[in-house]
Amino acid sequence: MREHGGRIFDLPHPEGVLDFSSNINPYGPPPHALRAAARALKRVSVYPDPDQRALKGAFSRWTGLPQEMLVFGNGASELIGATLAGLRPRQVVLPVPTFGEYSAWAERLGIPVLPVPLEESRNFAPSHDALRSALGPRDLLVLCQPNNPTGRAWTREEITSLLEACAAGGARMLLDECFLHLTWPAAFSPASLPWPAPLTVLRAFTKDFSAPGLRLGALAAPPETARAVREHLQPWPVNTPGEAFAAACAARPEPFLTRSRQLLAAERRTLTRGLEALGFRVLPGAANFLLCRAPLPGGTLAERLRPRDILVRRCGSFGLEDRWIRLGVKDRASNRRLLLALEKVVYADPE
């Protein structure tokens, strides 16, 4: 199985675990969306709407995008696979390190992957010349905005330049914006009309609205791309309570999202200072997670934290060596508990 965060059920008492290995908004789920999901449970004796009309309508009103551009699936990961299957690119071009599901799905589907390494000495900043020169006809360039695990947001100029390169060379771009709404300061998104022809955008209610258990991902693309993606999903890709929850979130996303971003930005600064005081190197970023180089191996750190019911994300699946860990930013009390635990375990057996 591909490594992911969120494996709380590996521990004896999952209900008491502090899971810093997953990057979920700690300030949700929104109560009004939970009430909508609970009401929808009364309809589980019938099949869900295969066309998700209520959700498409709410999401369209939120984003201004036409419904024929929208596809919803059982989490963002399913939509990544359906996109690659629908587009069948010549190869997938990936700046690395980045989220491992892109290459995992490409490998499952027999699509070659071309990694373009980001330099650690430059805090994993991208080389635009390297990315542009890697692109060829029918390629798919996959970017995560902001990048996971580094937390660095791509600028407007960077994304615009790469979209132009895709259009000129007959390539496409899949832009993963699953953490966009939890990024501060706000990161650029080209997901508005007029829509760039080579662009497909991915988002997740999972991260924004604290609902990983409902598995809800959203995709926006030109109508012909959206149809090709939908053909590779099951007939009922969204369950009834999940659609009701997501429709309620899309109908009333504010002030929840803005308040969450502001709180996360403040907590990110506080957590960064605490980690640096303990000898961690914390990369600058804008996301609701931190990529850190730890003062001891990530495996050792993870094993010392597990008895304290705290999980952290090791970064081997991102292609990084074991000193790198990723930490989701949480609320003040949880972040304090992490820092107190680290103070006890980091130097328990100095190297």
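*Asks:* Help me understand the environment of Arg332, please; the structure alone is not making it clear to me.
*Replies:* With respect to the helices, strands and loops of the structure, Arg332 is situated in helix α12 (residues 332-345). It is 9.2 Å that separates the C-alpha atoms of Arg332 and Leu263, two residues lying 69 residues apart in sequence. With residues near it in sequence (within four places) discarded, Arg332 still touches Glu267 and Thr270.

*Asks:* Whenever I open this one, the state of the cysteines confuses me. Can you help?
*Replies:* Every disulfide links exactly two cysteines, by a covalent bond between their sulfur atoms. Applying the stated criterion across every chain yields a total of zero disulfides. In this structure Cys249 is not part of a disulfide, and its nearest cysteine sulfur, from Cys178, lies 14 Å away. Residue Cys249 is classed as buried on the basis of its relative accessible area of 0%. Counting only cysteine sulfurs, Cys292 is the nearest neighbor of Cys315, a cysteine outside any disulfide, at a range of 8.6 Å. Taking the relative accessible area as the measure of exposure, Cys315 reaches 1% and is therefore buried.

*Asks:* Is there a simple way to explain the packing of aromatic side chains in this structure?
*Replies:* Any aromatic ring pair is given by two values, namely how distant the centres are and how the planes are angled relative to each other. One pass over the structure, following the stated rule, counts ten aromatic pairs. Here the aromatic rings of Phe59 and Trp62 are separated by 5.6 Å at their centres, their planes lie at 80°, and the arrangement is edge-to-face. Highlighted residues: Phe59 and Trp62, both in helix α2 (residues 53-63), separated by three residues, approximately one helical turn. The buried category is assigned to Phe59, whose relative accessible area is 5%. Relative accessible area serves as the criterion here: at 25%, Trp62 is assigned to the partly exposed category. Note on Phe209 and Phe256: the rings are 5.8 Å apart at their centroids and 20° apart in plane angle, and the pair reads as stacked. Of the two residues, Phe209 is situated in the loop between α7 (205-208) and β8 (217-220) and Phe256 in helix α10 (residues 256-277); the sequence distance between them amounts to 47 residues. Look at Phe209 and you get buried, because its relative accessible area is 1%. Taken together through their ring pairs, the aromatic side chains of Phe59, Trp62, Phe72, Phe205, Phe209 and Phe256 make up a single cluster.

*Asks:* What is the right way to read the pairing of strand β7 (residues 199-204) from this model?
*Replies:* Consecutive residues of a regular strand have side chains that alternate between opposite faces of the sheet. In terms of burial, β7 is largely enclosed, as six of its six residues are buried. Both faces of β7 are covered, namely the face carrying Leu199, Val201 and Arg203 and the face carrying Thr200, Leu202 and Ala204. Sheet analysis places strand β6 (residues 172-176) next to β7, joined by four bridges and oriented parallel. Within β7, the position partnered with Leu174 by the bridge is Thr200. Examined bridge by bridge, β7 and β8 share four bridges and lie antiparallel to one another. Residue Val201 lies in a different strand from β8, and its bridge partner there is Ala220.

*Asks:* Just to check I follow, could you spell out the pattern of salt bridges for this structure?
*Replies:* Side-chain pairing between opposite charges can occur once the charged atoms of the two side chains come close. Inspection of the entire model under this criterion finds nine salt bridges. Asp139 is the salt-bridge partner of Arg90, the closest N and O atoms lying 3.0 Å from each other. Taken together, the residues Arg90 in the loop between α3 (76-87) and β3 (92-96) and Asp139 in the loop between α5 (128-134) and β5 (140-144) connect sequence positions 49 residues apart. On the basis of relative accessibility, which here comes to 40%, the residue Arg90 falls in the partly exposed class. Residue Arg332 pairs with Glu267 through a salt bridge whose shortest N-O separation is 2.6 Å. Residue Arg332 is found in helix α12, and its partner Glu267 is found in helix α10; the two are separated by 65 residues along the sequence.

*Asks:* Just to check I follow, could you spell out empty space enclosed by the protein for this structure?
*Replies:* Empty pockets left among the atoms are what a rolling probe the size of a water molecule brings to light. Within this structure, the stated rule accounts for two cavities of 30 Å³ or more. Counted as a void, the largest cavity has a volume near 40 Å³. In this structure, the largest cavity is lined by Phe59, Trp62, His181, Arg203, Ala204, Phe205, Asp208, Phe209 and Ala218. Lining of the second largest cavity is provided by Leu118, Phe124, Pro126, Asn147, Thr150, Arg152 and Trp154.

*Asks:* Help me out: how do you make sense of the pairing of strand β13 (residues 324-328) in this one?
*Replies:* Burial analysis of β13 places five of its five residues in the buried class, which makes it a mostly covered element. Residues of β13 alternate between two faces, with Trp324, Arg326 and Gly328 on one and Ile325 and Leu327 on the opposite face, all of them buried. Two strands pair when backbone bridges link them, and strand β10 (residues 289-293) and β13 are joined in this way by five bridges, in the antiparallel orientation. From the neighbouring strand, Leu290 faces β13, where its bridge partner is Leu327.

*Asks:* Would you take a moment to explain the sheet that holds β8 for this structure?
*Replies:* Whether parallel or antiparallel, the strands of a sheet pair through hydrogen bonds between backbone atoms. With respect to topology, seven strands assemble into an open sheet ordered β2-β8-β7-β6-β5-β3-β4, the strand pairing being mixed. At either end of the open sheet lies a strand with only one pairing partner, and these are β2 (70-73) and β4 (113-117). Each neighbouring strand pair of the sheet contributes to a mean axis angle of 20°, computed without reference to strand direction. Pairing between β5 and β6: five bridges, direction parallel.

Thresholds, definitions, all that
Residues numbered from 1 in each chain as written. Predicted model: local features only at pLDDT ≥ 70, side-chain atom pairs only at ≥ 80, totals over all residues. Heavy atoms only, no water. Helix = DSSP H or I, 4+ residues; strand = E, 2+ residues; numbered from the N terminus. Contact = heavy atoms within 4.5 Å. Disulfide = S-S within 2.5 Å. Buried < 20%, exposed > 50% of the residue type's maximum accessible area, 1.4 Å probe, protein only. Phe/Tyr/Trp six-rings, centres within 6.5 Å; stacked < 30°, edge-to-face > 60°. Pairing = 2+ DSSP bridges. Salt bridge = Lys/Arg side-chain N within 4 Å of Asp/Glu carboxyl O. 1 Å grid on protein atoms, 1.4 Å probe; cavity = no way out; pocket = protein on both sides within 12 Å on 5 of 7 lines; lining within 4 Å. Points joined across faces, edges and corners; volume = space filled by probe spheres on them. Axes fitted to C-alpha atoms, helices over the stretch in contact; angles between N-to-C directions.

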